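Structural overview
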Amino acid sequence: MVYQPPAGARDLLPLDVAQKCWIENRLQQVFHRWGYHRIITSTLERIDTLMAGGAIQRSTVIQLQNAEDEELGLRPELTASIARTAVTRMAGVTYPQRLYYNTNVFQRTCDYRRNQPQEFYQAGVELLGSGGLLADVEVLLLLADCLQALSINNWYLILGEAGITQSLLQVFPANLRNQVRNAIAHLDRVAIDNLPLTEELRSRATTILDLRGNSVDVLQKVSSLDLDAPQQEAVNNLKSLVELLENQGNFLLILDLSLIQTFDYYTGISFEVVSDTEAGARVLGRGGRYDQLLGQYHPQGDNIPGIGFALFIEDLYQILSCYQQLPQKTPPSNWLVVAENNQAYDAAFAYAQKLRNSTHLVRVEMDLGGRDAEAIRQYARDRSIAQIAWVKADGSTTIESNN
Ligand SMILES: N[C@@H](Cc1c[nH]c[nH+]1)C(=O)O
């Protein structure tokens, strides 16, 4: 019997892990520097929990069933789980809470034959309890810092504002609003042309779809629409955010008020990080503000504002491997400790332990017997092990460097 992994499953071998850790450690250092704390939530959630925010479709969740016949699923993202934890397990904490995660998520693929992956890794943050401009700026500058820590320079931010876009959609008749939203989400002009809209509304839908480009132009275009007072205020806030980002951040910003998903929980800014490579654009992460999500999980429905993002480790990996940034080998051991005969085992283990305790980050491996001295030297050369320690039963040791 040959045991195969299920379609879409992936095993990460030591070099893959070293490369993944290289990315994750850099991100983690940035999260720490900004005062974020790691949270680990359950891989398994009730389907209801995953879907409560309105961003997750049942068909994309890998589903499981427990003995009580509860419908469970593997988390496809972290924000819903963190929202659940925050208002239940973390009730009573003070705000703001700065949380980060670095973990796997599962997304069901429709095409099993192509062996499409179903397990992915994400690292991200959630900043809970702050609804203002400063929290938006913090999260976006933190995001920029993450990319800088990975030495990724060719990227831009597509910034939308779900609140503004949703409210601009209110002029459409309720029975057509979803179709207009879908057409805009997919930048589908043909669909807009085919909807039974008045010419004025059709032109409004096309204007929303075209609210994309450099921030000055887009802000001007949106201000020329007949905005009511709350819309005007939201546009002014967006303007302040853009100004702060353009002063503080060192990245290209594309304002996109047509940025809207067919499903999401965003109520304020929403954004995507896109890398610009010769091979084309690649989305490296996304996020946004969700001020109504935590209320879905709160026993009394109390809302707590939140904003965050997730970076997609596989996509970062693809970019970094093009630039040859990642480690190309697993780190070699520094020492190979060899017991010269059976009586020297005790002394050899003791010597190896002494080396391990001597400096931080040293790698010491024991020779496991069964080879002669030449084979041991060859092994050390093959594995790039710098030093061999030959240990005798009385504890005396000869050190040989292996160049
Ligand atoms: N969880 C979202 C990203 C996000 C984090 N926080 C807010 N949004 C996703 O996977 O798309």
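Residues numbered from 1 in each chain as written. Predicted model: local features only at pLDDT ≥ 70, side-chain atom pairs only at ≥ 80, totals over all residues. Heavy atoms only, no water.

1. A word on the overall build of the chain
Helix and strand content of the chain: 14 helices and 16 strands. Rg of the C-alpha trace for the chain: 27 Å, well past the compact-globule value of 22 Å for 403 residues, more than 25% over. The principal-axis extents of the C-alpha atoms in the chain amount to approximately 95 × 55 × 45 Å. Looking at the chain as a whole, 45% of its 403 residues qualify as buried. Restricting the contact set of the chain to residue pairs at least 6 apart, pairs at least 24 apart contribute 68%. Total accessible area on the chain is roughly 21000 Å²; 48% of this is exposed by carbon and sulfur atoms. Separation between the mean location of the 34 positive side-chain charges and that of the 46 negative ones in the chain comes to 4 Å. (Helix = DSSP H or I, 4+ residues; strand = E, 2+ residues; numbered from the N terminus. Rg over C-alpha atoms; globule rule 2.2 N^0.38 Å. Buried < 20%, exposed > 50% of the residue type's maximum accessible area, 1.4 Å probe, protein only. Contact = heavy atoms within 4.5 Å. Areas by Shrake-Rupley, 256 points an atom, 1.4 Å probe, with all protein chains shown as cover. Lys, Arg positive; Asp, Glu negative; His and termini not counted. Charge placed at Lys NZ, Arg CZ, Asp CG, Glu CD.)

2. Topic: the environment of Trp 155
Inspection of the secondary structure puts Trp 155 in strand β7 (residues 155-161). The sequence separation of Trp 155 and Val 274 amounts to 119 residues, and the corresponding C-alpha distance is 5.5 Å.

3. Brief notes about unusual backbone geometry
Between Tyr 95 and Pro 96 the backbone carries a cis peptide bond, its omega angle lying at 5°. Relative to the helices and strands, Pro 96 is located in the loop between α3 (79-87) and β5 (97-106). Although it is not a glycine, Asp 69 adopts a positive phi angle of roughly 65°. Secondary-structure assignment places Asp 69 in the loop between β3 (63-65) and β4 (71-74). The exposed category is assigned to Asp 69, whose relative accessible area is 58%. Phi angles above zero are rare outside glycine, and Gln 324 is one such case at about 60°. Topologically, Gln 324 is positioned in the loop between α12 (313-322) and β13 (335-339). The exposure class assigned to Gln 324 is exposed, which follows from its relative accessible area of 59%.

4. Considering the environment of Lys 20
Tracing the backbone through its elements, the reader meets Lys 20 in helix α1 (residues 14-33). For Lys 20, a relative accessible area of 17% puts it in the buried group. Sequence separation between Lys 20 and Glu 314 is 294 residues, and the spatial gap between their C-alpha atoms is 8.5 Å. Setting aside its immediate chain neighbours within four residues, Lys 20 contacts Leu 12, Tyr 121 and Ile 313.

5. Focus: the sheet that holds strand β15 (residues 387-391)
The strand order across the open sheet built from four strands is β14-β13-β15-β16, with neighbouring strands paired in mixed fashion. Every interior strand has two partners, whereas the edge strands, β14 (364-366) and β16 (397-401), have only one. Between one strand axis and the next, the sheet turns by 25° as a mean value, whatever way the strands run. Where β13 and β15 come together, five bridges link them in parallel fashion. Within the sheet, the bridge partner assigned to Leu 336 lies in β15 and is Ile 388. (Pairing = 2+ DSSP bridges. Axes fitted to C-alpha atoms, helices over the stretch in contact; angles between N-to-C directions.)

6. Here we look at the nonpolar core
Counting residues in each nonpolar core, the largest one holds 69 residues, and the members touching the most others are Leu 27, Phe 31, Leu 157, Leu 159, Leu 238, Phe 309 and Leu 316. With ten residues, the single largest contributor to this core is helix α4 (residues 133-149). Once residues lying within four places of it in the same chain are set aside, the contact partners of Leu 27 are Ala 123, Cys 146, Leu 150, Leu 311, Ile 313 and Leu 316. Within the second largest apolar cluster, 22 residues are counted, among which are Leu 78, Leu 99, Tyr 101 and Tyr 265. (Core = buried A, V, L, I, M, F, W, Y, C linked by side-chain atoms within 4.5 Å.)

7. Here's the deal with the UniProt feature "binding site: L-histidine" (unreviewed entry) in the chain
According to UniProt, the feature "binding site: L-histidine" (unreviewed entry) maps to Glu 77, Leu 78, Thr 79, Gln 122, Glu 126, Tyr 265 and Tyr 266 in the numbering used here. Lining the largest pocket, from the residues named above, are Glu 77, Leu 78, Thr 79, Gln 122, Glu 126, Tyr 265 and Tyr 266. Relative to the elements of secondary structure, Gln 122 occurs in strand β6 (residues 119-128). The class of Gln 122 is buried, set by a relative accessible area of 4%. When residues no more than four places from it in sequence are discounted, the contact partners of Gln 122 are Pro 76, Glu 77, Leu 78, Tyr 101, Asn 102, Thr 103, Val 105, Gln 107, Ala 310, Leu 311, Phe 312 and Ile 313. In this fold, Tyr 266 is placed in the loop between β9 (252-256) and β10 (269-277). The contact partners of Tyr 266, leaving out residues within four places of it in the chain, are Ala 162, Gln 166, Gly 287, Gly 288, Arg 289 and Tyr 290. (UniProt positions renumbered as here; feature names shortened; annotations may be inferred. 1 Å grid on protein atoms, 1.4 Å probe; cavity = no way out; pocket = protein on both sides within 12 Å on 5 of 7 lines; lining within 4 Å.)

8. Description of helix α14 (residues 373-382)
Among all positions of α14, only Ile 376, Tyr 379 and Ala 380 are buried. Within α14, the buried residues cover an arc of 100° as seen down the axis, which keeps them to one side. Here the buried face of α14 lies against β13, β14 and β15. Directly beyond the C-terminal end of α14, a positive phi value near 55° is found at Ser 384. (Arc of directions from axis to C-beta.)

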